[in-house]
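Here are the chains, one letter per residue:
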Amino acid sequence: MAAIIGGGGSNGMLKSMDANRYATKKTIAQGMLDIALLTANASQLKYILQVGEKHEFYTLMLTLISISICLQMIVGILFIVIGSLNINRHKDQNAAVILNDIILILIFVISIDNVIISGFGIEHSSQPLRLLHDEEAKKLL
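The following refers to the structure shown. Just so we're clear, the structure is a prediction, and the values are computed from it rather than from any experiment.

## With respect to the packing of helix α2 (residues 58-83) against helix α3 (residues 90-119)
In step 1: α3 packs onto α2 with a crossing angle of 160° between their chain directions and a minimal axis gap of 9 Å. As the angle between them shows, α2 and α3 are arranged roughly antiparallel. Crossing geometry of α2 relative to α3 is assigned as left-handed.
In step 2: Split into classes, the residues belonging to the contact of α2 with α3 amount to 21 nonpolar, four polar and one charged.

## Quick notes on a nonpolar patch on the surface
In step 1: On the surface, a cluster of nonpolar side chains totalling about 600 Å² of accessible area is made up of L60, I105, F108, V109, I112, I116 and F120.
In step 2: Ranked by residues supplied to the nonpolar patch, first place goes to α3 with five residues.
In step 3: Note on placement: I116 falls in helix α3.

## So, the side chain of Q72
In step 1: With respect to the helices and strands, the residue Q72 is situated in helix α2.
In step 2: Within the structure, Q72 has its side chain in polar contact with the side chain of S68 (distance 2.8 Å).
In step 3: Those residues within four positions of Q72 in sequence are excluded, and the remaining contacts are D34, L37, L38, N41, I110 and N114.

## Observations regarding the pattern of salt bridges
In step 1: Tallied over the full model, the rule gives one salt bridge.
In step 2: Residue D92 pairs with R89 through a salt bridge whose shortest N-O separation is 2.8 Å.
In step 3: Among the residues examined, D92 registers a relative accessible area of 7% and is labelled buried.
In step 4: Judged by relative accessible area, which is 47%, R89 ranks as partly exposed.

## Side note on the layout of surface pockets
In step 1: Space inside the second largest pocket adds up to approximately 230 Å³.
In step 2: Surrounding the second largest pocket, 16 residues form its lining, A23, T27, I82, I87 and N100 being those nearest its centre.
In step 3: Every element with two or more residues in the lining of the second largest pocket is listed here: α1 (19-51), α2 and α3.
In step 4: Grouping the amino acids of the lining of the second largest pocket by side-chain chemistry returns nine nonpolar, six polar and one charged.

## Here's the deal with α1
In step 1: The first and last C-alpha atoms of α1 sit 48 Å apart over 33 residues, in line with the 48 Å expected at 1.5 Å per residue.
In step 2: Taken residue by residue, α1 has N20, T27, G31, D34, N41, Q44, Y47, I48 and V51 as its buried positions.
In step 3: Positive backbone phi, approximately 75°, marks G52, located one or two places after α1.

## With respect to the side chain of H55
In step 1: For H55, the position within the fold is in the loop between α1 and α2.
In step 2: H55 gets classed as buried once you look at its relative accessible area, which sits at 11%.
In step 3: When near neighbours in sequence (up to four residues on either side) are disregarded, H55 contacts Y47, I48, M61, F120 and G121.

## Concerning the packing of aromatic side chains
In step 1: Scanning the entire structure with this criterion turns up one aromatic pair.
In step 2: Taken together, a centroid distance of 4.8 Å and an interplanar angle of 70° make the contact between F57 and F120 edge-to-face. Of this pair, F57 sits in the loop between α1 and α2 while F120 is found in the loop between α3 and α4 (126-140), placing the two residues 63 residues apart along the sequence.

Conventions and cut-offs
- Residues numbered from 1 in each chain as written.
- Predicted model: local features only at pLDDT ≥ 70, side-chain atom pairs only at ≥ 80, totals over all residues.
- Heavy atoms only, no water.
- Axes fitted to C-alpha atoms, helices over the stretch in contact; angles between N-to-C directions.
- Helix = DSSP H or I, 4+ residues; strand = E, 2+ residues; numbered from the N terminus.
- Parallel < 35°, antiparallel > 145°, perpendicular 65-115°, else oblique.
- Left-handed = near helix turned anticlockwise from the far one by under 90°.
- Nonpolar A, V, L, I, M, F, W, Y, C, P; charged D, E, K, R; others polar.
- Patch = residues over 30% accessible without salt bridge, like charges linked within 9 Å, V, L, I, M, F, W, Y side chains within 5 Å.
- Areas by Shrake-Rupley, 256 points an atom, 1.4 Å probe, with all protein chains shown as cover.
- Salt bridge = Lys/Arg side-chain N within 4 Å of Asp/Glu carboxyl O.
- Polar contact = N/O pair within 3.5 Å; in protein donor to acceptor, adjacent residues only side chain to side chain.
- Contact = heavy atoms within 4.5 Å.
- Buried < 20%, exposed > 50% of the residue type's maximum accessible area, 1.4 Å probe, protein only.
- 1 Å grid on protein atoms, 1.4 Å probe; cavity = no way out; pocket = protein on both sides within 12 Å on 5 of 7 lines; lining within 4 Å.
- Points joined across faces, edges and corners; volume = space filled by probe spheres on them.
- Expected span 1.5 Å × (residues − 1).
- Phe/Tyr/Trp six-rings, centres within 6.5 Å; stacked < 30°, edge-to-face > 60°.

Everything listed is a geometric property; what it means functionally is a separate question.
Printed below as a string of structure tokens:
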């Protein structure tokens, strides 16, 4: 437990910070960011599947997006596990440190994966679909 001196109080009362509550809120915030990235990857996956093998890097993009989504699901499960731990107990502190390190490594890998996805990425997402529809319309004529 950490002690924080109250800033507004005239009596200089000492407030205590609940580290477990802070860690839980931090885990929830990280989970929300994970959901945002998962949503973006799902959108990218939908786009790649719509364009199909006409996309120049179809196999690479499909693989990278799938890896990113799988790793994010693993991180989400680990967030649930680490969120259930009570870091005020010594036994849970060791597990929390290990899980936190694993999550950090996985998030780093996910970040690198998504940088590569962006590099080979999806430019002007509506234009390739329009071109795809134009090609299909020409075939019908």
